[in-house]
Amino acid sequence: MVKESLRIAGVEIESRLWVGTARYPSPEVMVKALEAAQAGLVTVSVRRLNLQNPQETFLELLMGRFRLLPNTAGCYTAEEAVFLAELSRAALETNWIKLEVIGDERTLWPEAEQLLQAARTLVRQGFVVLAYAPDDPIVCQRLADIGCAAVMPLAAPIGSGQGIRDPERLLLIRHKMPEIPLIIDAGLGSPSDAALAMELGYDAVLVNTAIAEAENPVLMAEAMRLAVEAGRRAYHAGRIPKVSYARPTSPLEGLPWER
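Residues numbered from 1 in each chain as written. Predicted model: local features only at pLDDT ≥ 70, side-chain atom pairs only at ≥ 80, totals over all residues. Heavy atoms only, no water.

Engineer: It is not clear to me how the packing of helix 5 (residues 137-146) against helix 6 (residues 167-176) should be interpreted in this structure. Could you clarify?
Structural biologist: How two helices sit against one another is set out by the angle between their axes and by the gap between those axes. Across the interface, helix 5 lies against helix 6 with an axial gap of 10 Å and an inter-helix angle of 30 degrees. One way to sum up the angle between helix 5 and helix 6 is to call them roughly parallel. By crossing handedness, the relation of helix 5 to helix 6 is classed as right-handed. Along its contact with helix 5, which presents P137, C140 and Q141, the element helix 6 presents R169, L172, I173 and K176. For the contact of helix 5 with helix 6, the class distribution of residues is four nonpolar, one polar and two charged. (Axes fitted to C-alpha atoms, helices over the stretch in contact; angles between N-to-C directions. Helix = DSSP H or I, 4+ residues; strand = E, 2+ residues; numbered from the N terminus. Parallel < 35°, antiparallel > 145°, perpendicular 65-115°, else oblique. Left-handed = near helix turned anticlockwise from the far one by under 90°. Contact = heavy atoms within 4.5 Å. Nonpolar A, V, L, I, M, F, W, Y, C, P; charged D, E, K, R; others polar.)

Engineer: Would you explain the packing of aromatic side chains in this entry?
Structural biologist: Under the counting rule described, the total for this entry stands at zero aromatic pairs. The cationic tip of K98 hangs over the ring face of Y132; the distance from NZ or CZ to the ring centre is 5.5 Å. A cation over an aromatic ring shows up here: R174 above the ring of Y202, its NZ or CZ 5.9 Å from the ring centre. (Phe/Tyr/Trp six-rings, centres within 6.5 Å; stacked < 30°, edge-to-face > 60°. Lys NZ or Arg CZ within 6 Å of the ring centre and 35° of its normal.)

Engineer: Mind showing me how you'd approach the pattern of salt bridges here?
Structural biologist: Where charged atoms from two side chains of opposite charge come close, those side chains can pair. On inspection of all chains with the given rule, the structure shows 11 salt bridges. Between E12 and R7 there is a salt bridge; the shortest N-O distance is 3.6 Å. Classification of E12 by relative accessible area gives partly exposed; the value is 39%. Classification of R7 as partly exposed rests on a relative accessible area of 49%. (Salt bridge = Lys/Arg side-chain N within 4 Å of Asp/Glu carboxyl O. Buried < 20%, exposed > 50% of the residue type's maximum accessible area, 1.4 Å probe, protein only.)

Engineer: It is not clear to me how the pairing of strand 3 (residues 17-20) should be interpreted in this structure. Could you clarify?
Structural biologist: A regular strand carries its side chains on alternate faces of the sheet. Going residue by residue along strand 3, you find L17 and V19 tucked away on one face and W18 and G20 tucked away on the opposite face as well. Relative to strand 10 (residues 204-207), strand 3 runs parallel, the two sharing three bridges. When the sheet's bridge partners are listed, V19 is paired in strand 10 with V207. Where strand 3 meets strand 4 (residues 42-45), two bridges bridge the pair, whose relative direction is parallel. Residue pairing in the sheet places G20 in a bridge with T43 of strand 4. In this region the chain leaves strand 3, passes through helix 1 (residues 27-37) and returns to the parallel neighbour strand 4; the handedness of that crossover is right-handed. (Pairing = 2+ DSSP bridges. Right-handed = clockwise from strand over helix to strand, strands pointing away.)

By themselves, these are just geometric observations and shouldn't be taken as functional.
What follows is the structure, given as structure tokens:
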């Protein structure tokens, strides 16, 4: 059985399914879904938290139970992202940050120039940066060259549920960057999307809306966990090559007639 852990910045992360904390019908459902997912990392938006009084938010339900990964969601500039990262490090006592810098509120697409600028600053300041990125091989490579601990290219726009729109491009990024941890982030809609991400050789997936807004978030979280496990095993098993013609599964030799 394939059961290898993922290591990022020297830290072992048991599960390759990472889960967000937004959009759940209630904090209680959120916690149950995170437990069903056996989430390796749980992302929290620094903007949504009252860091001085955790009891006023859902933060107290998470601390001590899950490994938290604060993010800079909602930032449009490098300056904003760096400020939130510094705030989260002081309040949550972690130098891990999921870096997000977006270009506009309609597409929520990563803003490459500001993203790279923020990544440089945070890496210099000693942060373990996991960078949410466009599915652009050049931008992803530059983030890795800067020193990001992991790069997280999107599968589709955040919350869209469109699934993996361009598997060939994601595969190109994987082949171009064989050593650095790569995590599919944003746009997944179903367990089959998560399985495909793992079959492409990605190290983990981050899922939020597809779980939180499912009719049964807890059951969907479990399904995502099983899909990630199946996809990872399939990757290690090695699929057969695709061909453009049929291949008989039974030999033709020995048939009672000749062709």
